[in-house]
Amino acid sequence: IDAMTADFTAYDFLALIWCVLLWLGYANLIDKPLWGRPSLNSAMRGRRTDWMRQLIRRENRMPDVVLIGHLMQSVSFFASATLIVVAALLGALGALDQIRGAIEDLHFTAASSRAAWQAKLLIMIALFVYAFFKFSWSLRQWNYCCVLIGGIPAAPLPEAEAEAAAARMGMLASSAAINFNGGLRAYYFALAMLAWFIHPWAFIAAALLVLAVLARRQLLSEAARAIAPPPL
């Protein structure tokens, strides 16, 4: 990578650092209350604990198991799709000259060396490998959550025991969801990274656009308003 990134321009490095800063800043701030309101992610933590609290009180828990099964199918789909994307990107390395020629034939693209193109593709591959690990860890945590559900004694439970079990399962479900969200976030910024092959400034703009879309969904969307806890 060091030898390949030696062909990066100053704008290439600026665009990459910009994307990393936006990604890390968003990931570290979005689970905290911003502008006096909880984000969608932070509100969902409480909702998951409420779900587990109700699950424990129910005698028939099959509907809850079915819901978790649907969640696990979604995570499994993205994990499998990520491996296909990684394989496709590895194949793109073999056809790099044709892809590079097709893109650079466009009049608005910035010229870049073959080594720089290789480095960009390898960075994208690393991004999707990261996403796969996030998805696979999320899937395992949902499996662990199923084990905890299976180990709950039949209702009714003593209040203290029920509350402790709900807190444990809610924490585990939220951890699984956080990792799933991390994998999805890698997809979003990888899509922004496609603009890097056109021009570093296009990458900078695309990363900012991705951040704006994600922040709006977390703070200003109808889903965020519906899920946020009611005002006291």
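Just above, that's the structure.
A brief report on the enclosed structure follows. (Residues numbered from 1 in each chain as written. Predicted model: local features only at pLDDT ≥ 70, side-chain atom pairs only at ≥ 80, totals over all residues. Heavy atoms only, no water.)

Time to look at the packing of aromatic side chains. For the structure on display, the rule yields 16 aromatic pairs. Ring centres of Tyr11 and Trp201 lie 5.6 Å apart, and the angle between their planes is 50 degrees; on these two criteria the pair is classed as tilted. Here Trp201 lies in helix α8 (residues 200-219) and Tyr11 lies in helix α2 (residues 10-29), a separation of 190 residues in the sequence. The class for Tyr11 is partly exposed, based on a relative accessible area of 46%. Under the relative-accessibility criterion, Trp201 is labelled partly exposed at 45%. Ring centres of Trp117 and Phe197 lie 4.9 Å apart, and the angle between their planes is 50 degrees; this geometry places the pair in the tilted category. You can see Trp117 sitting in helix α6 (residues 114-150) and its partner Phe197 sitting in the loop between α7 (159-193) and α8, a full 80 residues away along the chain. Using a relative accessible area of 2% as the deciding quantity, one classes Trp117 as buried. (Phe/Tyr/Trp six-rings, centres within 6.5 Å; stacked < 30°, edge-to-face > 60°. Helix = DSSP H or I, 4+ residues; strand = E, 2+ residues; numbered from the N terminus. Buried < 20%, exposed > 50% of the residue type's maximum accessible area, 1.4 Å probe, protein only.)

Counting 60 residues, the largest nonpolar core has Met52, Leu55, Ile56, Phe135 and Trp142 as the members making the most contacts within it. Every element with two or more residues in this core is listed here: α2, α3 (40-57), α4 (62-94), α6, α7 and α8. Ranked by residue count, the leading element in this core is α7, at 15 residues. Apart from the residues within four sequence positions on either side, Leu55 is in contact with Arg61, Asp64, Ile149, Ile152 and Met169. (Core = buried A, V, L, I, M, F, W, Y, C linked by side-chain atoms within 4.5 Å. Contact = heavy atoms within 4.5 Å.)

With their axes 8 Å apart at the nearest point, α6 and α7 run at an angle of 160 degrees to one another. In terms of axis orientation, α6 runs roughly antiparallel to α7. The two elements α6 and α7 cross, and the hand of that crossing is left-handed. (Axes fitted to C-alpha atoms, helices over the stretch in contact; angles between N-to-C directions. Parallel < 35°, antiparallel > 145°, perpendicular 65-115°, else oblique. Left-handed = near helix turned anticlockwise from the far one by under 90°.)

Looking now at the environment of Phe189. By secondary structure assignment, the location of Phe189 is in helix α7. Separated by 22 residues in sequence, Phe189 and Leu211 place their C-alpha atoms 8.6 Å apart. Each residue touching Phe189, except ones within four places of it in the same chain, is listed here: Cys19, Leu22, Trp23, Leu127, Ala207, Val210 and Leu214.

Here the focus is the pattern of salt bridges. Taken as a whole and judged by the stated rule, the model has seven salt bridges. One salt bridge in this structure joins Asp50 and Arg47, with 4.0 Å as the shortest N-O distance. With Asp50 and Arg47 both in helix α3 and three residues apart, this pair spans about one turn of that helix. The exposure class assigned to Arg47 is partly exposed, which follows from its relative accessible area of 33%. Note that Glu163 is salt-bridged to Arg53, the shortest N-O span being 2.8 Å. Linking Glu163 in helix α7 with Arg53 in helix α3, this pair joins segments that are 110 residues apart in sequence. (Salt bridge = Lys/Arg side-chain N within 4 Å of Asp/Glu carboxyl O.)

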